[in-house]
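Structural characterization, general
Now for the letters of each chain:
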Amino acid sequence: MLFRSGSNHFVWTIANKWTAKNLNEYLNQILKNDKDYILFMDTDSCGINLGELVDKAVPKDKSREEVARILYKMITERIQPKIDDFCSELGSTLNVYKNTISYKLEKICSSGVFVAKKRYALNVFVNEGVFYNEPKIKVTGLEIVKSSTPAVVRDALKGCIKIILDGTEADLKQYLAEFKINFLEIDRKSTRLNSSHT
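Described in the following lines is the structure provided in the data block. Because the structure is predicted, anything quoted here is derived from the model rather than measured. (Residues numbered from 1 in each chain as written. Predicted model: local features only at pLDDT ≥ 70, side-chain atom pairs only at ≥ 80, totals over all residues. Heavy atoms only, no water.)

So, the overall build of the protein chain
- Scanning the protein chain from terminus to terminus reveals five helices and six strands.
- Contacts in the protein chain between residues at least 24 apart in sequence constitute 52% of all its contacts with a sequence separation of at least 6. (Helix = DSSP H or I, 4+ residues; strand = E, 2+ residues; numbered from the N terminus. Contact = heavy atoms within 4.5 Å.)

Structural data, given as structure tokens:
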């Protein structure tokens, strides 16, 4: 689950830390444990692991699409109001004139790969309230989306990311072995960088 802040830049870091602390306390209260559910925090967003909540609250026989819909309902009806309360409390604590600190649900993802800050891939089931029957891969900052990467390599990387997010290690090894054979047969011209980089 990815939440994005709607507040101004000055308070984002404080808001993220405040929200993360309070959200962890709330989730630990619900799930009766003491864990950190925050996967990452950026300047204006934070990612939260709700896998344990899904495991405990959603029947095992549900499809991934059904799980996404159930999770969306839990977030919008139970978690979002709590986050709104946390933001209001922060505004009061900071004695702000007008509280502009807010978060909204951006994405629900089944998996993700985080390479570094601003470099990641997500398997998205819900984006801004839009539900997908099949997950869409959202890539930021990786070579897959860089024009300086040869097209044949970008395509192969897209295939790798799809398998990493939704497949098995055996699937990935097989895909890479097949790509290596095919890549060695490709004419060198087709692997050159685009003309702006030659």
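Things to note about unusual backbone geometry
- Positioned with a positive phi, Lys118 is a non-glycine residue whose angle comes to about 65°.
- Locating Lys118 in the fold gives a position in the loop between β4 (103-116) and β5 (119-127).

Quick word on the pattern of salt bridges
- Scanning the entire structure with this criterion turns up nine salt bridges.
- Between Lys107 and Glu106 there is a salt bridge, with its nearest N and O atoms 3.0 Å apart.
- Classification of Lys107 by relative accessible area gives buried; the value is 6%.
- Judged by relative accessible area, Glu106 falls into the buried class, the value being 10%.
- What you see here is one network of salt bridges that share partners, running through Lys35, Glu52 and Lys56. (Salt bridge = Lys/Arg side-chain N within 4 Å of Asp/Glu carboxyl O. Buried < 20%, exposed > 50% of the residue type's maximum accessible area, 1.4 Å probe, protein only.)

Topic: the pairing of strand β3 (residues 45-48)
- Going residue by residue along β3, you find Ser45 and Gly47 tucked away on one face and Cys46 and Ile48 tucked away on the opposite face as well.
- Bridging between strand β2 (residues 38-41) and β3 involves three bridges; their strand directions are antiparallel. Bridged to Met41 within β3 is Cys46.
- The antiparallel pairing of β2 with β3 creates a hairpin that spans three residues between the two strands. (Pairing = 2+ DSSP bridges.)

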